Amino acid sequence: MRSALGLMLASVVTAIVIAGVWFWTSSPRADAAPPQTTAAAKADPLPAAAKQAARDDVETTAALSKRADATQAAAPAANPAPAPAPVAAAPKCANPDALGISRTVVVDTNGGPGFGFLQYKQYDFLTDKEVVLTFDDGPWPTTPAVLKALADECTKAVFFPIGLHTTYHPDILRQVAAAGHTIGAHTWSHAHLASKKLTEQQAKDEIEKGFSAVKLALGANPAPFFRFPALAHTPATTAYLGTRNIAMFSVDVDSNDFKSKSADEVINNVMTKLDKEHKGIILMHDLQKHTAQALPTLLRKLKAGGYKVVWMKAKTQLETLPEYDAMAKTEKPIATGRPIGNVVQTVAE
């Protein structure tokens with residue numbers, strides 16, 4: 001009996017203990033209650049270096065997402081990468097039916113190669129119906145009309161200016177360069193370099209001073225492209241050009257524009273010879289009024305005839321010689337103060 005009573009009492013005590021433990025562990029406590037919403041304490045200001053680092057992180061992210069805040073965008077990024085040099089986009093041709101350029105060739109002028117089968121039967125790089133447009137004797141007041149005709153057809157040419165003429169009209173030669181054409185040289189004064197009256201030194205002076213005059217007008221080195229006045233060369237002058245790595249240009253199709261009496265005659269000369277040759281380097285003169293007048297129609301006829309323009313560029317530009325640069329700077333252009341139209345007028349054609 002006593003034993004049974006003891007067991008009963010022990011069971012009751014055990015139950016009370018278990019209930020107390022359960023109550024203590026399962027009831028919510030003040031230190032375990034969810035935090036109350038309160039105003040955040042004001043943060044201590046960041047050090048200057050930390051501020052800059054934080055700003056940089058934001059700017060980098062903003063740049064990637066293209067949503068930079070105006071204030072952040074104004075602040076410089078840490079160690080910014082150098083910006084790439086701007087690349088000028090090639091102007092689009094506004095003429096959908098333009099003659100254009102079929103291909104561009106780069107010429108390695110090492111050793112002074114010759115082009116144009118009238119004299120230099122070396123490099124037959126043109127295929128059937130391909131032509132190279134070239135102009136001698138500028139710059140002149142007629143040159144801008146030539147440039148406009150070329151621009152209207154979105155095509156390019158090679159110009160061989162006379163050094164003395166560049167001192168008269170340096171601004172016009174700069175227009176040729178701005179239009180993106182290749183510019184070589186055509187001697188200083190259009191001297192006949194095969195003349196017995198010229199010494200080898202004088203012929204060299206004509207060549208070099210012509211190139212230096214072009215450089216002076218452009219503020220940049222010209223292409224190492226040269227054409228002899230009247231196509232008159234000698235073994236000595238061709239050898240000299242070879243030592244200077246200057247390419248020589250002759251002709252395949254001569255427009256004879258310098259003795260043509262009208263624009264129609266210039267056009268007929270070129271197209272008749274092309275019908276025979278089927279391709280080649282075309283010689284014209286931007287100095288000639290009839291050439292400027294003929295060019296818009298001539299370019300359209302080339303297009304209609306299935307001809308394509310090849311533009312020739314030089315692999316490297318010519319380094320002119322300092323002594324000739326100095327000579328070109330001392331030359332003074334002729335300034336009469338009277339427009340050419342007031343001095344020379346055409347009275348009959």
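Everything discussed here concerns the structure shown above.
Please read all numbers here as calculations on a predicted model, not as lab measurements.

1. Some points on unusual backbone geometry
Then step 1. Residue glycine 138 is joined to proline 139 through a cis peptide bond whose omega torsion reads -5°.
Then step 2. Locating proline 139 in the fold gives a position in the loop between strand E3 (130-136) and helix H4 (143-152).
Then step 3. The phi dihedral of asparagine 245 is positive, around 55°, even though this residue is not glycine.
Then step 4. Relative to the elements of secondary structure, asparagine 245 occurs in the loop between helix H8 (235-243) and strand E7 (247-249).
Then step 5. We classify asparagine 245 as partly exposed; its relative accessible area is 29%.
Then step 6. Positive phi outside glycine occurs at asparagine 256, with the angle close to 50°.

2. Some points on the state of the cysteines
Then step 1. Following the criterion strictly, the structure yields one disulfide and no others.
Then step 2. The disulfide partner of cysteine 93 is cysteine 154, and the gap between their sulfur atoms is 1.9 Å. On the sign convention where negative means left-handed, the S-S torsion of about 85° between cysteine 93 and cysteine 154 marks this disulfide as right-handed. One end of the pair, cysteine 93, is in the loop between helix H3 (70-74) and strand E1 (103-107); the other, cysteine 154, is in the loop between H4 and strand E4 (158-160), with 61 residues separating them in the sequence.
Then step 3. Judged by its relative accessible area of 23%, cysteine 154 is partly exposed.

3. Re helix H7 (residues 200-218)
Then step 1. The first and last C-alpha atoms of H7 sit 28 Å apart over 19 residues, in line with the 27 Å expected at 1.5 Å per residue.
Then step 2. Three or more residues of H7 are buried, namely Ala203, Glu206, Ile207, Glu208, Lys209, Gly210, Phe211, Ser212, Ala213, Val214 and Ala217.
Then step 3. Lining the buried residues of H7 we find helix H5 (163-168), helix H6 (170-178), strand E5 (182-183), strand E6 (225-226), H8 and helix H11 (322-330).
Then step 4. Two residues or fewer past H7, glycine 219 is found with a positive phi of approximately 75°.

4. Remarks on the pattern of salt bridges
Then step 1. Summed over the entire model, instances satisfying the criterion amount to 10 salt bridges.
Then step 2. One salt bridge connects aspartate 97 with lysine 303, and the closest N-O pair in it is separated by 4.0 Å. Separated by 206 residues along the polypeptide, aspartate 97 in the loop between H3 and E1 and lysine 303 in helix H10 (residues 289-304) bring together distant segments of the chain.
Then step 3. A relative accessible area of 32% means that lysine 303 is categorised as partly exposed.
Then step 4. Aspartate 108 is the salt-bridge partner of lysine 315, the closest N and O atoms lying 3.9 Å from each other. Of this pair, lysine 315 sits in the loop between strand E10 (308-314) and H11 while aspartate 108 sits in the loop between E1 and strand E2 (114-115), and the two are 207 residues apart along the sequence.

5. Observations regarding the nonpolar core
Then step 1. Within the largest apolar cluster, 48 residues are counted, with the highest numbers of intra-cluster contacts made by Leu133, Phe135, Leu150, Leu274 and Leu295.
Then step 2. Listing elements by their share of this core, those giving two or more residues are E3, H4, H6, H7, H8, helix H9 (263-277), strand E9 (280-285) and H10.
Then step 3. Counting residues in each nonpolar core, the second largest holds 15 residues, with Val105, Ala247, Ile281 and Met312 among its members.

6. Side note on the pairing of E3
Then step 1. Counting buried residues along E3, seven of its seven residues qualify, which places the element largely inside the surrounding structure.
Then step 2. Taking every second residue as pointing to the same face, both faces of E3 are buried, with Glu130, Val132, Thr134 and Asp136 on one and Val131, Leu133 and Phe135 on the other.
Then step 3. As judged from the two bridges shared by E3 and E10, these two strands associate in the parallel manner. Counted as the bridge partner of valine 131 is valine 309 from E10.
Then step 4. Pairing geometry for E3 and E4, over three bridges, is parallel.

7. What to know about the sheet that holds E2
Then step 1. Within the open sheet, the three strands sit side by side as E2-E7-E6. Their pairing is parallel. Here the strands that pair on one side only, and so sit at the sheet edges, are E2 and E6.
Then step 2. Of the strand pairs in this sheet, E6 and E7 are connected by two bridges, and their pairing is parallel. Looking at E7, one finds that phenylalanine 225 is bridged to alanine 247.

8. Observations regarding the packing of aromatic side chains
Then step 1. Taken as a whole and assessed by the stated rule, the structure comprises nine aromatic pairs.
Then step 2. Measuring from ring centre to ring centre gives 5.0 Å for phenylalanine 226 and phenylalanine 228, while their planes differ by 90°; the resulting arrangement is edge-to-face.
Then step 3. On the accessibility criterion, phenylalanine 226 (0% relative accessible area) is buried.
Then step 4. For phenylalanine 228, a relative accessible area of 1% corresponds to the buried category.
Then step 5. If you follow lysine 129 out to its NZ or CZ, it ends over the ring of tyrosine 307, 4.3 Å from the centre.
Then step 6. Sitting over the ring of tryptophan 311, lysine 156 keeps its end group 5.9 Å from the ring centre.

Here is what the cut-offs are and how they apply
Residues numbered from 1 in each chain as written. Predicted model: local features only at pLDDT ≥ 70, side-chain atom pairs only at ≥ 80, totals over all residues. Heavy atoms only, no water. Helix = DSSP H or I, 4+ residues; strand = E, 2+ residues; numbered from the N terminus. Buried < 20%, exposed > 50% of the residue type's maximum accessible area, 1.4 Å probe, protein only. Disulfide = S-S within 2.5 Å. Expected span 1.5 Å × (residues − 1). Contact = heavy atoms within 4.5 Å. Salt bridge = Lys/Arg side-chain N within 4 Å of Asp/Glu carboxyl O. Core = buried A, V, L, I, M, F, W, Y, C linked by side-chain atoms within 4.5 Å. Pairing = 2+ DSSP bridges. Phe/Tyr/Trp six-rings, centres within 6.5 Å; stacked < 30°, edge-to-face > 60°. Lys NZ or Arg CZ within 6 Å of the ring centre and 35° of its normal.

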